[in-house]
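# Architecture at a glance
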Amino acid sequence: MDPETLFLARAQFAFTVAVHIIFPSFTIGLAAFIATLLVRWRLTGREHLYRLARFWTKIFAVSFAMGVVSGIVLSYQIGTNWSQFSVVVGNVLGPLLGYEVLTAFFLEATFLGIMLFGWNRVSPNLHVASAILVAIGTSMSAFWILAANSWMHTPAGHEMINGIAHPVDWWAIIFNPSFPYRFAHMFTACYLTTSIVILAVGARYMIAGRFEEEAKTMLRMGIGMVAILAPLQLVIGDQHGLNTLEYQPAKVAAMEAHWDGSKPADLILFALPDEEAEKNHYELSIPYGASLILTHHWDGLFKGLKDFSREDRPPVWPVFFAFRIMVGIGMVLIGLGLLGAALWATGRLFASRWYLWPAQHVWPLGFIAILAGWWVTETGRQPWIAHGILRTADAASPVAYGAVLTTLILFVLVYTSVFSMGAFYINRLIETGPSKRILEAETDKAMPSRPLSGGTAAAREATDKHVNTTREGADD
Amino acid sequence: MTDMSYFLPLIWAGLLGLAVVLYVVLDGFDLGLGILFPITPAEQDRDVMMNTVAPFWDGNETWLVFGGGGLFVTFPLAYAIIMPAFYLPIIIMLLALVFRGVAFEFRWVSKPNHRFWDIAFAWGSIIATFMQGIILGGFILGISVKDNAFAGGSFDWLAPFPIFTGLALVVGYALLACTWLLIKTEGELAKRSRERAKILLVVVLIAMAVVSFWTPLVSERIAERWLTWPNILYLSPVPLLSTIVAVQCWRSLNSKQELAPFLYATALFLLGFLGLAISTMPYMVPPTLTFWQAAAPPSSQGFMLVGTLILLPAVLAYTVFTYWTFRGKVRPGEGYH
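Rules used throughout
Residues numbered from 1 in each chain as written. Chains lettered and ligands numbered in written order. Predicted model: local features only at pLDDT ≥ 70, side-chain atom pairs only at ≥ 80, totals over all residues. Heavy atoms only, no water. Helix = DSSP H or I, 4+ residues; strand = E, 2+ residues; numbered from the N terminus. Rg over C-alpha atoms; globule rule 2.2 N^0.38 Å. Buried < 20%, exposed > 50% of the residue type's maximum accessible area, 1.4 Å probe, protein only. Contact = heavy atoms within 4.5 Å. Areas by Shrake-Rupley, 256 points an atom, 1.4 Å probe, with all protein chains shown as cover. Lys, Arg positive; Asp, Glu negative; His and termini not counted. Charge placed at Lys NZ, Arg CZ, Asp CG, Glu CD. Buried area = accessible area lost by both parts, 1.4 Å probe. Salt bridge = Lys/Arg side-chain N within 4 Å of Asp/Glu carboxyl O. Polar contact = N/O pair within 3.5 Å; in protein donor to acceptor, adjacent residues only side chain to side chain. Nonpolar A, V, L, I, M, F, W, Y, C, P; charged D, E, K, R; others polar. Core = buried A, V, L, I, M, F, W, Y, C linked by side-chain atoms within 4.5 Å. Axes fitted to C-alpha atoms, helices over the stretch in contact; angles between N-to-C directions. Parallel < 35°, antiparallel > 145°, perpendicular 65-115°, else oblique. Left-handed = near helix turned anticlockwise from the far one by under 90°. Phe/Tyr/Trp six-rings, centres within 6.5 Å; stacked < 30°, edge-to-face > 60°. Lys NZ or Arg CZ within 6 Å of the ring centre and 35° of its normal. Pairing = 2+ DSSP bridges. Expected span 1.5 Å × (residues − 1). Patch = residues over 30% accessible without salt bridge, like charges linked within 9 Å, V, L, I, M, F, W, Y side chains within 5 Å. pLDDT = per-residue confidence, 0-100.

## Some details on the overall build of chain A
If you tally the helices and strands in chain A, you get 16 helices and six strands. For chain A, the C-alpha radius of gyration of 24 Å lies close to 23 Å, the compact-globule estimate for 476 residues. With respect to the principal axes defined by its C-alpha atoms, chain A has extents near 75 × 50 × 40 Å. Taken over 476 residues, chain A has a buried fraction of 60%. The long-range fraction of contacts in chain A, counting pairs at least 24 apart against all pairs at least 6 apart in sequence, stands at 76%. Surface accessibility of chain A: about 18,200 Å² in total, with carbon and sulfur atoms responsible for 66%. Once the 33 positive and 35 negative side-chain charges of chain A are each reduced to a mean point, those two points are 10 Å apart.

## What about the interface of chain B and chain A?
Listed as interface residues are 69 residues of chain B and, on the opposing side, 81 residues of chain A. Both sides together, the interface formed by chain B and chain A hides about 6,900 Å², and carbon and sulfur atoms give 74% of it. Here chain B and chain A share zero salt bridges between them. Viewed at the interface, chain A and chain B are joined by 15 residue pairs in polar contact (both at pLDDT 80 or more). The element best represented in the side of chain B that touches chain A is helix H5 (residues 87-109) of chain B, accounting for 16 residues. In terms of residue class, the side of chain B that touches chain A is built from 44 nonpolar, 17 polar and eight charged.

## Focus: the nonpolar core
If you look at the biggest cluster of nonpolar residues, it comprises 232 residues, and the most contacted ones within it are A:Trp56, A:Phe85 and B:Phe75. Apart from residues lying up to four places away in sequence, A:Trp56 is in contact with A:Phe26, A:Leu30, A:Phe33, A:Ile34, A:Leu37, A:Val197, A:Ile198, A:Val201 and A:Met218. Counting residues in hydrophobic clusters, the runner-up holds 16 residues, among them A:Ala254, A:Phe320, A:Phe323 and A:Met326.

## Considering the packing of helix H7 (residues 212-247) of chain A against helix H10 (residues 316-345) of chain A
All names here are of chain A. Two elements in contact, H7 and H10, have axes whose closest approach is 8 Å; the angle formed by their N-to-C orientations is 135°. Considering their axes alone, H7 and H10 lie oblique with respect to each other. At the point where H7 passes H10, the crossing takes the left-handed sense. Residue-level inspection shows Arg-220, Ile-223, Gly-224, Val-226, Ala-227, Ala-230, Pro-231 and Leu-234 of H7 in contact with H10, the latter providing Met-331, Leu-333, Ile-334, Gly-337, Leu-338, Gly-340, Ala-341 and Trp-344. Classifying every residue of the contact of H7 with H10 by side-chain character gives 12 nonpolar, three polar and one charged.

## Section: the packing of aromatic side chains
Inspection of the entire model under this criterion finds 57 aromatic pairs over all chains. Judged by centre distance (5.1 Å) and plane angle (90°), the ring pair of A:Phe143 and A:Phe179 falls under edge-to-face. Of this pair, A:Phe143 sits in helix H4 (residues 124-153) while A:Phe179 sits in helix H6 (residues 179-208), and the two are 36 residues apart along the sequence. Each residue in the set A:Tyr99, A:Phe143, A:Trp144, A:Trp170, A:Trp171, A:Phe175, A:Phe179, A:Phe183, A:Phe187, A:Tyr191 and B:Phe303 is aromatic and connected to the rest through ring pairs, giving one cluster. Against the face of A:Trp41 rests A:Arg42, its NZ or CZ located 5.5 Å from the ring centre.

## Remarks on the environment of B:Lys111
Residues and elements named next belong to chain B. Mapped onto the secondary structure, Lys-111 falls in the loop between H5 and helix H6 (115-141). A residue is classified by how much of its surface remains accessible, and Lys-111, at 19% relative accessible area, is buried. Measuring from C-alpha to C-alpha, the distance between Lys-111 and Ile-278 comes to 48 Å, with 167 residues separating the pair along the chain. Not counting residues within four places of it along the chain, the set of residues in contact with Lys-111 comprises Glu-43 and Asp-47.

## What about the pattern of salt bridges?
Residues and elements named next belong to chain A. Taken as a whole and assessed by the stated rule, the structure comprises 18 salt bridges over all chains. A salt bridge links Asp-312 to Arg-391; the nearest nitrogen and oxygen atoms lie 2.6 Å apart. Pair noted here: Asp-312 is in the loop between helix H9 (289-295) and H10 and Arg-391 is in strand E6 (residues 390-391), with a separation of 79 residues, a long-range link. Asp-312 sits in the partly exposed class, given a relative accessible area of 26%.

## Focus: the pairing of strand E4 (residues 279-286) of chain A
Residue and element names in this part refer to chain A. Across six bridges, the pairing between strand E3 (residues 267-274) and E4 is antiparallel. Residue pairing in the sheet places Asp-274 in a bridge with Lys-279 of E4. Between E3 and E4, which pair antiparallel in sequence order, lie four residues; one of them, Glu-278, sits at a positive phi of approximately 55°.

## Brief notes about helix H7 (residues 160-184) of chain B
Spanning 25 residues, H7(B) covers 36 Å between terminal C-alpha atoms, matching the ideal 36 Å at 1.5 Å per step. Judged by how many residues are buried, H7(B) sits mostly within the fold: 18 of 25 residues are covered.

## A word on a nonpolar patch on the surface
Residues and elements named next belong to chain A. Residues Val-39, Leu-43, Ile-132, Ile-136 and Met-140 make up a contiguous nonpolar surface patch of about 410 Å² in total accessible area. Residue assignment for the nonpolar patch shows that the elements contributing at least two residues are helix H1 (3-44) and H4. For Met-140, a relative accessible area of 31% corresponds to the partly exposed category.

## Comments concerning the environment of A:Met66
With respect to the helices, strands and loops of the structure, A:Met66 is situated in helix H2 (residues 47-81). In sequence terms A:Met66 and A:Phe23 are 43 residues apart; their C-alpha atoms lie 6.8 Å from each other. Each residue touching A:Met66, except ones within four places of it in the same chain, is listed here: A:Phe23, A:Phe419, A:Gly422, A:Ile426, B:Val102 and B:Phe106.

## Points about the side chain of A:Asn280
Residue and element names in this part refer to chain A. Among the secondary structure elements, Asn-280 is positioned in strand E4. Within the structure, Asn-280 has its side chain in polar contact with the backbone oxygen of Ala-257 (distance 3.0 Å). Of note is the side chain of Asn-280, whose polar atom sits 2.9 Å from the side chain of Trp-259. Discounting residues that sit within four places of it in the chain, Asn-280 has contacts with Ala-257, Trp-259, Ile-268, Ala-271, Leu-272, Pro-273 and Asp-274.

## Comments concerning the confidence of the model for chain A
All names here are of chain A. In this model, chain A carries a mean pLDDT of 84, and residues with pLDDT of at least 70 account for 91%. By mean pLDDT, the top-scoring element of chain A is H6 (94), and the lowest-scoring one is helix H16 (residues 464-475) (36). Segment residues 440-476: pLDDT under 50, and 69 contacts once partners within four positions in sequence are set aside and those in other chains are kept.

## Looking at unusual backbone geometry
Residue and element names in this part refer to chain A. The peptide bond linking Gln-382 to Pro-383 adopts the cis configuration, its omega dihedral lying at 5°. Along the chain, the position of Pro-383 falls in the loop between helix H12 (365-381) and strand E5 (384-386). At Asn-162, a residue that is not glycine, the phi angle is positive and equals roughly 50°. Relative to the helices and strands, Asn-162 resides in the loop between strand E1 (158-161) and strand E2 (164-167). Classification of Asn-162 by relative accessible area gives exposed; the value is 77%.

Have a look at this one:
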């Protein structure tokens, strides 16, 4: 395949995956958040928890739909764009994706129906159970996807026969060396991302003086999660980095823009790496910092980019800068979480407008960090698509340049229009908010806008007769 | 081990066939509702139609992932040839599914300005179905393969036969949707669906007959399969049964039955599918690669089979459970509450 077509195929896949990642990284945490709200509501009977659960379920429905449709695309694109990849590693990766469909995709998609529309169709306990099953499904999905992705970085448990990977030990394949770290890192990132969105929405209502009871719950739950997960993520990320150093040293060298492996590495805060001259310009760094972090000795050595031949090096710029964006956001989040927790502990949180005002705008940070981190790890694996087994250049499908170009343009047009509409609708749902009045009004009108239809528990008590009639009617 | 490498590909070909059947049965009427949108202009009717599948569409579409993913898992070589061969139809289908999938949610949250999502749902469904039919037709015609890789052009599928099967599938899914509405709705919408189902049934039967006569003409391999002695005798129950089912479907539409038309229409689809399966067997990539040549090694197929035998019944059980939970008629202005 010629380099231009290869580039288009990569651009197309990078674009569709990048857009897709946004939705699951939000819904994985959101499903757990909604399930937690519902469980707390069942235990305490506090109505605002129910309202919050219904409110977030509407947002979940819109996000999940976008995640599903963009995810189906990927399961086919592996074949349409990367058929040689499918041939070479399909025997090993295929079953992992197959198990994802069977254990996770069906579970979440099916119980989603009950979670969204079962409010008054099934018993409250069964409904809460459905929400929990959806949350479990989304997590299992992440488990299998990350197992497959990790294997592309650190393949294990296979043998190569005639250039094709054959499975030998499934346990070793699934729990390949980078999987535990990657899974912990990504899973924490997902929960963190959702927590930040919830925190930001809570702050938004608090600043506007709307839905105070709900806003307080969201702020407490959001800040509590961020204060714990953001520092934890730093530790997990550090461990993941050490694992990468062991198995993919070229990636780490690019992350640190570390050229000369014979000398200890500085921690570079900023630089313009020059791949031609094999050095950095305008470097601002902390001496011996990177050696200390990665080897735990101030004068420890690890491989530099010059230790790899040019065709085995990943592109330095994207890896280097994306890594700094990710870590930078991580630091901001640690500050946001700890500061919020301190304000909460001293009882000043809900009155601290100087904290809440910026906090309402932090919602995109988790998504940006996830995309940046994904960019680091995937670009850092280049030139390999499956490390040491298959180069990206050898993985593409025999498809014509024009066909790839056309579909790339279509993907960009369709995704940007459809998903920006989705973001617009989500913002409008947030603008409307978990309003009691709206939920009840919708019940009275029995509008077909089904995530709202039915009624709150309060409305159920108040208008017992109405709901009973509807339920009987529906059971005919 | 040699036995395994003989039986596993057969079992998996069967399971993937089942996945395709389940997809067609479950998502067929689902897509069909979108196909019926342009001839069902009233907002209230459209609301009801969407509400009849709203809790299920997600699960229904998952069978498409299971089919595509399953092919990748168990026949990676076939996957690596078929996907590039139908590059454009597959990607257009996926994009069409994006529009119709998000329409389920977007249409409600954008009300009263939901006109765009009505159009997106309708055309997304129509185009996705048409592309599925094109892929089916192109698959029957065969795929050009050299050195275990796709060796044809971007537009190989653009031929009269695949276009015909594409149109036929649009009509077929519309029929399934009409019969589904007989189960799930009442009053004027159900009455109209019954009338439409009769017309669509006739068109579907004509299309099936045309495909049956056309396939032996375009493919010698298929002609040999069906029209030589003693195959013609062994295989004669397929057209015979199809005729009986078609007659029964027509009669059930004329007597006021609600469930039977859907079952007969589905049975008709299954028989059509069986006919196509007989035509292509034992090829995973007609006319070059058989089940065995395209199969993943027994270690992969076996590992997947163990999980599938445990998990697939569970999936089917909770799919049935959801359909049972949301049983009964959907009335205007009601949704599921």
